[in-house]
Amino acid sequence: DAKTTQPNSMESNEEEPVHLPCNHSTISGTDYIHWYRQLPSQGPEYVIHGLTSNVNNRMASLAIAEDRKSSTLILHRATLRDAAVYYCILRDPRGYQKVTFGTGTKLQVIP
Amino acid sequence: GAVVSQHPSWVICKSGTSVKIECRSLDFQATTMFWYRQFPKQSLMLMATSNEGSKATYEQGVEKDKFLINHASLTLSTLTVTSAHPEDSSFYICSAITPLERREKLFFGSGTQLSVL
């Protein structure tokens, strides 16, 4: 399974936009880019996913580079509730392949 | 959206006893579920892939006789930690793939904190 690399931690001021980067240089043509986040002592929560085009939902936006070797999760206005560990993973939907997690980015939101 | 229910949320047990953790998909049929273990301040580590009606596939280094996985129905997978020891204390998380969407999102249980005394 293709690997992803993310910064270990980032900080943001409350109500400011946050851009969380992810590199996935070995992504295959059929891999979707998924983002999940995990609050302390909870299971991960789905945030957003995409293939080639940028995606928006009520939680966030996903910007995908043209060569798909990197992507950025955008939180438009960070709140204290957005403080979590954010994981970027790759998923091929054609089968039921296992899903492995990298280290993720721990986002700290400063009031 | 799809919901995965995991029970119990936390469990404390004595060393040498066995503990069973349940993972249920509440509104969809999950042919495949994954079990993860997470130590404090670390990422999720995949333990095994559970397929309904067949034997689980374990990751390298995970003892299949210690971590028994049963996926007897399309909505239930169980993880039994046998003869638990303090080093098995960890946060255990299950996830299921929902076939509701072609792109197969993952949905996770809320996790089980296991403390072995």
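Residues numbered from 1 in each chain as written. Chains lettered and ligands numbered in written order. Predicted model: local features only at pLDDT ≥ 70, side-chain atom pairs only at ≥ 80, totals over all residues. Heavy atoms only, no water.

Thoughts on the state of the cysteines
Residue and element names in this part refer to chain B.
Next up, step 1: Tallied over the full model, the rule gives two disulfides over all chains.
Next up, step 2: The disulfide partner of Cys23 is Cys94, and the S-S distance across this bridge is 2.0 Å. Looking along the S-S bond of the Cys23-Cys94 disulfide, the torsion reads about 80°, which is the right-handed sense. Taken together, the positions of Cys23 in strand S3 (residues 19–25) and Cys94 in strand S9 (residues 90–97) put the pair 71 residues apart, joining distant regions of the chain. (Disulfide = S-S within 2.5 Å. Helix = DSSP H or I, 4+ residues; strand = E, 2+ residues; numbered from the N terminus.)

Section: the confidence of the model for chain B
Next up, step 1: Residue-level pLDDT values for chain B average 90, and 93% of them are 70 or greater.
Next up, step 2: Taken element by element, the predicted model of chain B shows its lowest mean pLDDT in strand S10 (residues 106–108) of chain B (88) and its highest in strand S11 (residues 112–116) of chain B (97). (pLDDT = per-residue confidence, 0-100.)

Some remarks on the packing of aromatic side chains
Next up, step 1: If you walk through the whole model with that rule in mind, you get seven aromatic pairs over all chains.
Next up, step 2: An angle of 70° between the planes, with centres 5.8 Å apart, marks the rings of Tyr36(A) and Tyr46(A) as edge-to-face. One end of the pair, Tyr36(A), is in strand S3 (residues 32–38); the other, Tyr46(A), is in strand S4 (residues 45–50), and ten residues separate them in sequence. Neither residue differs from the other here; Tyr36(A) and Tyr46(A) are each classed as buried.
Next up, step 3: Ring centres of Phe101(A) and Phe108(B) lie 5.8 Å apart, and the angle between their planes is 70°; this geometry places the pair in the edge-to-face category. Note that Phe101(A) is positioned in the loop between strand S8 (84–91) and strand S9 (105–110) and Phe108(B) in strand S10, a pairing that runs across two chains.
Next up, step 4: Using a relative accessible area of 11% as the deciding quantity, one classes Phe101(A) as buried. (Phe/Tyr/Trp six-rings, centres within 6.5 Å; stacked < 30°, edge-to-face > 60°. Buried < 20%, exposed > 50% of the residue type's maximum accessible area, 1.4 Å probe, protein only.)

Some points on the confidence of the model for chain A
Next up, step 1: Within chain A, residue pLDDT values average 92, and 96% of them lie at 70 or more.
Next up, step 2: Taken element by element, chain A is modelled with least confidence in S4(A), mean pLDDT 93, and with most confidence in strand S6 (residues 61–64) of chain A, mean pLDDT 98.

Some points on unusual backbone geometry
Next up, step 1: Following His7(B), the chain continues into Pro8(B) via a peptide bond in cis, with omega recorded as -5°.
Next up, step 2: You can see Pro8(B) is positioned in the loop between strand S1 (4–7) and strand S2 (10–13).
Next up, step 3: The phi dihedral of Arg68(A) falls on the positive side, at around 65°, and the residue is not glycine.
Next up, step 4: Overall, Arg68(A) belongs to the buried group, its relative accessible area being 9%.

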